[in-house]
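What follows is the residue order along each chain.
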Amino acid sequence: MMMMKSFALLLAAFSAPQACWSDAVTSKFNVLIPKQLNKADGYDHRDAMFGIPPYGGSIQQPLYYAGTNNLCDSSTTNKLDTTGWSSPFILLVDRGDCSFVQKVRNSQRAGASAVLIADDICICGRDECASDDDPDSASFDPGQPYCESQEPIMADDGSGSDISIPSFLLFKEDADPIRTALINDGHVRVQMSFSVPAPDSRVEYDLWTSPADDVTRELQEDFFSAVLALQEHASFTPHMYIYDGVYAGCHGDNGEDMCLDLCTNAGRYCSVELDLNSGATGQEVVAEALRRICVWNLYGKDNGIGLPWWEYIKSFTELCDSGSFSSAGKVFSDEDCIERAMTNAGVNKTKVDLCMAESGGTTEDKNNTLLDKELRDQQTSGIVLIPSLLVNQAVIRGFLSFDTTFKAICAGFSKGSEPKICTDCANCHDEKTCVEKGFCSYHSNNGLLGIDTASGSVAFPTFLAALGLLLVLFALVGYIQYRRQNSFMRQQIQSVVAEYMPVSAQNSGASTSLALEEEEDDDNERNGTTYSLS
């Protein structure tokens, strides 16, 4: 009972955001047409934590309203009244009745290139919400609260990995006039732009995650190729997200751990393992988090690249976080497996263990300097959700796939300072394959064409094949023209002969039929015999 109570306490302590997101703006929204809805500084909005925003670009398209269709059921996508709509378009959908992910997914299926969710509840404290508290107001609804105390977050419900379009949440006071304009058959055109602060020729990017985070597991395995390609052009810093056990009440006054195996250091540092069936404890997750911090400090902190750190994460996932270890609940506790992962990555386990111990360890009732630093950095950066990616201190929204991460990093370089791997691959249809191969390849059913869509060039084998094909075509055309010319010359000569050659007397028995001579000539040509007229 005490364990369940402590678990609920820890969840409740961190169920609400503790701090604001980073102030750096990565997206903007504005209305271009009609002009009276345009705002000089754009509209305040909230980005979705799913989808793939086109960082470094923008979407400027006509806006249409879904009307009473809330797009909560996939079958309703065919019931949209799209009369007069032109593609591509951005779709405005009312909030409510289902998750954000569901609405955006069904909008994507309906053909939308982006989605705006119109909030139906104001934020408490805003002047625009005051009228909603008035029973005489047309927008007053006694069945629901007239305002929300906190700004909503367009969170992923866990199924948003298939969504490839971006989406924003518009506040009620902003969405209402836009909706009204659309209902009145007005033409509305909007722009959604996505950028990353680009101060110089080197990008700094930070990833906040946890050893128990399944969302970024694939990214951490695959992004190694991008790290190799970016090299010194980008500086990486990994962060481990842990909970402040003292704040959550897990650290008792007498040093007692009130949250049992969720925390280390007598309840000071905690982790809530969401997959309760895996058998991994919060203590083990925190210990692995500290281990990864030490691996980074030893092998990556100085150069911002840390290839051994990436190798360790990949090796750990392959060896320890799968198969029998995972099913037996030994993901983070099997020392032999951890040591093998370190050996494969070229990491010295003795140095890592010493780093963990010197920082304060995880077993005693005392502070750990490295874990304390992670807690301070959380507060400074305003991290409230994991995974979180920051590029040049700006929070990157959307599903953290290889493509999203790579695009965001490349968008963080100042203009003209982008490394070649970014100019070649950031706008490729398959960024991961491009980074691994070094050029953007277009695959079709007929095989690899080798077209570099990013730089406008083609692969050398493709160039040779195209050149060979052109030579064959020219040869074929030349041969056909040669045959036609010979035939024309032969006809001209035969005409001259028929007109000027003396015709033998009839008693000579010679034929005066030109048609007969032509027929014999054709027969001789088919038989391979060549006759000269001279």
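Use the structure listed above.
Residues numbered from 1 in each chain as written. Predicted model: local features only at pLDDT ≥ 70, side-chain atom pairs only at ≥ 80, totals over all residues. Heavy atoms only, no water.

A.B. asks: Just to check I follow, could you spell out the overall build of the protein chain for this structure?
C.D. replies: Secondary structure summary: the protein chain contains 17 helices and 20 strands in total. Going through the 534 residues of the protein chain one by one, you find that 45% of them count as buried. Put simply, of all contacts in the protein chain between residues at least 6 apart along the chain, 73% involve residues at least 24 apart. Total accessible area computed for the protein chain in this model is approximately 27700 Å², and 52% of it derives from carbon and sulfur atoms. (Helix = DSSP H or I, 4+ residues; strand = E, 2+ residues; numbered from the N terminus. Buried < 20%, exposed > 50% of the residue type's maximum accessible area, 1.4 Å probe, protein only. Contact = heavy atoms within 4.5 Å. Areas by Shrake-Rupley, 256 points an atom, 1.4 Å probe, with all protein chains shown as cover.)

A.B. asks: What's the story with the pattern of salt bridges in this structure? I'm lost.
C.D. replies: Here the idea is simple: oppositely charged side chains can pair when their charged atoms come close. For the structure shown, the criterion picks out 19 salt bridges. With its nearest N and O atoms 2.9 Å apart, the salt bridge here joins D162 to R105. In this pair, D162 sits in the loop between β7 (147-148) and β8 (167-170) while R105 sits in helix α2 (residues 100-109), placing the two residues 57 residues apart along the sequence. Overall, the relative accessible area of 13% leaves R105 in the buried class. (Salt bridge = Lys/Arg side-chain N within 4 Å of Asp/Glu carboxyl O.)

A.B. asks: What exactly am I supposed to notice about the nonpolar core here?
C.D. replies: Soluble globular proteins tend to pack their nonpolar side chains together in the buried interior. Counting residues in each nonpolar core, the largest one holds 87 residues, and the members touching the most others are F29, I178, Y205, F223 and F406. Of the residues forming this core, the biggest block, eight residues, is contributed by helix α7 (residues 282-299). Beyond its immediate chain neighbours, meaning those up to four positions away, Y205 contacts F223, V227, A234, S235, F236, T237, W310, L389, L390, V391 and I409. If you look at the next biggest cluster of nonpolar residues, it comprises 20 residues, including A66, F89, V104 and A112. (Core = buried A, V, L, I, M, F, W, Y, C linked by side-chain atoms within 4.5 Å.)

A.B. asks: Could you clarify how one ought to interpret the sheet that holds strand β12 (residues 243-244) in this entry?
C.D. replies: Sheets are built from strands paired through backbone hydrogen bonds, the pairs being either parallel or antiparallel. An order of β12-β14-β13 is seen for the three strands of this open sheet, with the pairing classed as antiparallel. Looking at the sheet topology across the chains shown, the edges are occupied by β12 and β13 (263-264). For β12 and strand β14 (residues 269-270), the ladder comprises two bridges, and the chain directions are antiparallel. Among the inter-strand pairings, D244 is bridged to a residue of β14, identified as Y269. (Pairing = 2+ DSSP bridges.)

A.B. asks: What is the right way to read unusual backbone geometry from this model?
C.D. replies: Among all residues except glycine, the phi angle is most often negative; among peptide bonds, the trans geometry is most common. Here the bond from I33 into P34 is cis, since omega is 5°, no more than 30 degrees from zero. One can find P34 in the loop between β1 (27-33) and β2 (45-47). In this structure, D97 is a non-glycine residue whose phi angle is positive, near 80°. Relative to the helices and strands, D97 is located in the loop between β4 (90-94) and α2.

A.B. asks: In this structure, what is going on with the state of the cysteines? I would like to understand it.
C.D. replies: Here a disulfide denotes one covalent bond, and it connects the sulfur atoms of two cysteines. Evaluation of the coordinates by the stated rule reveals eight disulfides. A sulfur-sulfur separation of 1.9 Å characterises the disulfide bridge that pairs C263 with C270. Judged by the sign of its S-S torsion, about 100°, the bond between C263 and C270 is right-handed. Accessibility classification places C263 together with C270 in one group, the buried group. The disulfide bridge from C425 ends at C434, spanning 1.9 Å between sulfur atoms. One quick way to see it: the torsion about the S-S bond of C425 and C434 is about -75°, and its sign makes the bridge left-handed. (Disulfide = S-S within 2.5 Å.)

A.B. asks: Can you help me understand the packing of α7 against helix α11 (residues 349-358) in this one?
C.D. replies: Pairs of packed helices are described in terms of their axes, by the angle between the two and the distance that separates them. Where α7 contacts α11, the axes come no closer than 9 Å and their chain directions differ by 115°. The pairing of α7 with α11 is recorded here as roughly perpendicular in orientation. Judged by the twist between their axes, the crossing of α7 over α11 is right-handed. For the pair formed by α7 and α11, the contact residues are A287, L290, R291, C294, V295 and L298 on the first element and K351, V352, C355 and M356 on the second. Taken together, the residues of the contact of α7 with α11 break down into eight nonpolar, no polar and two charged. (Axes fitted to C-alpha atoms, helices over the stretch in contact; angles between N-to-C directions. Parallel < 35°, antiparallel > 145°, perpendicular 65-115°, else oblique. Left-handed = near helix turned anticlockwise from the far one by under 90°. Nonpolar A, V, L, I, M, F, W, Y, C, P; charged D, E, K, R; others polar.)

A.B. asks: Is there a simple way to think about α11 in this case?
C.D. replies: Since the α-helix packs 3.6 residues into each turn, any two residues three or four apart lie on the same face. For α11, the complete set of buried residues consists of K349, V352, C355 and M356. Each buried residue of α11 lies within a common arc of 120° when the element is viewed along its axis, so the set occupies one face. Exposed side of α11, more than 90 degrees from the buried face: T350 and E358 are the residues found there. (Arc of directions from axis to C-beta.)

A.B. asks: Explain the pairing of strand β15 (residues 388-391) to me, please; I cannot follow it from the model alone.
C.D. replies: Across a regular strand the side chains alternate sides, sitting on one face of the sheet and then on the other. Neither face of β15 is left uncovered, since the one carrying S388 and L390 and the one carrying L389 and V391 both have all their residues buried. By the bridge criterion, four bridges tie strand β10 (residues 203-209) to β15 in an arrangement that is antiparallel. If you follow W208 over to β15, its bridge partner there is S388. With three bridges connecting them, β15 and strand β16 (residues 394-396) associate as antiparallel partners. Residue pairing across strands places L389 opposite I396, the latter belonging to β16. Between β15 and the antiparallel strand that follows it, β16, lie two residues; N392 among them carries a positive phi value of about 50°.

A.B. asks: Would you take a moment to explain α2 for this structure?
C.D. replies: Most of α2 is tucked away: seven of the ten residues are buried. Regarding α2, the residues found buried are F100, V101, K103, V104, R105, N106 and S107. In this structure, the buried side of α2 is in contact with β4, β5 (114-118) and β8. Backbone geometry just after α2 places G111 at a positive phi near 105°.

A.B. asks: How should I be thinking about the sheet that holds β16 in this particular structure?
C.D. replies: The strand order β11-β10-β15-β16 describes an open sheet built from four strands, whose pairing is mixed. Two strands in the sheet have a free side with no partner beyond their single neighbour: β11 (234-240) and β16. Taking the axes of each pair of neighbouring strands and ignoring which way they run, one obtains an average angle of 25° across the sheet. Against the sheet, helix α13 (residues 402-411) touches β10, β11, β15 and β16, its axis set at about 20° to β15.

A.B. asks: Would you take a moment to explain a nonpolar patch on the surface for this structure?
C.D. replies: On the surface, L469, L470, L473 and F474 cluster together into a nonpolar patch covering about 430 Å² of accessible area. For L470, the location among the structural elements is in helix α16 (residues 460-500). By relative accessible area, which is 45% here, L470 ends up partly exposed. (Patch = residues over 30% accessible without salt bridge, like charges linked within 9 Å, V, L, I, M, F, W, Y side chains within 5 Å.)

A.B. asks: Is there a simple way to think about the packing of aromatic side chains in this case?
C.D. replies: The description of an aromatic ring pair uses the distance of the two centres, along with the angle that the planes make with each other. With the rule as written, the count across this model stands at 20 aromatic pairs. An aromatic cluster is present here, built from Y205, F223, F236, W296, W309, W310, F402 and F406 joined pairwise through their rings. (Phe/Tyr/Trp six-rings, centres within 6.5 Å; stacked < 30°, edge-to-face > 60°.)

A.B. asks: Sorry, what's going on with the pairing of β8 here?
C.D. replies: On β8, burial covers both faces: S167 and L169 on one face and F168 and L170 on the other are all buried. Both β5 and β8 contribute to a ladder of four bridges, which runs parallel. From the neighbouring strand, A118 faces β8, where its bridge partner is L170.

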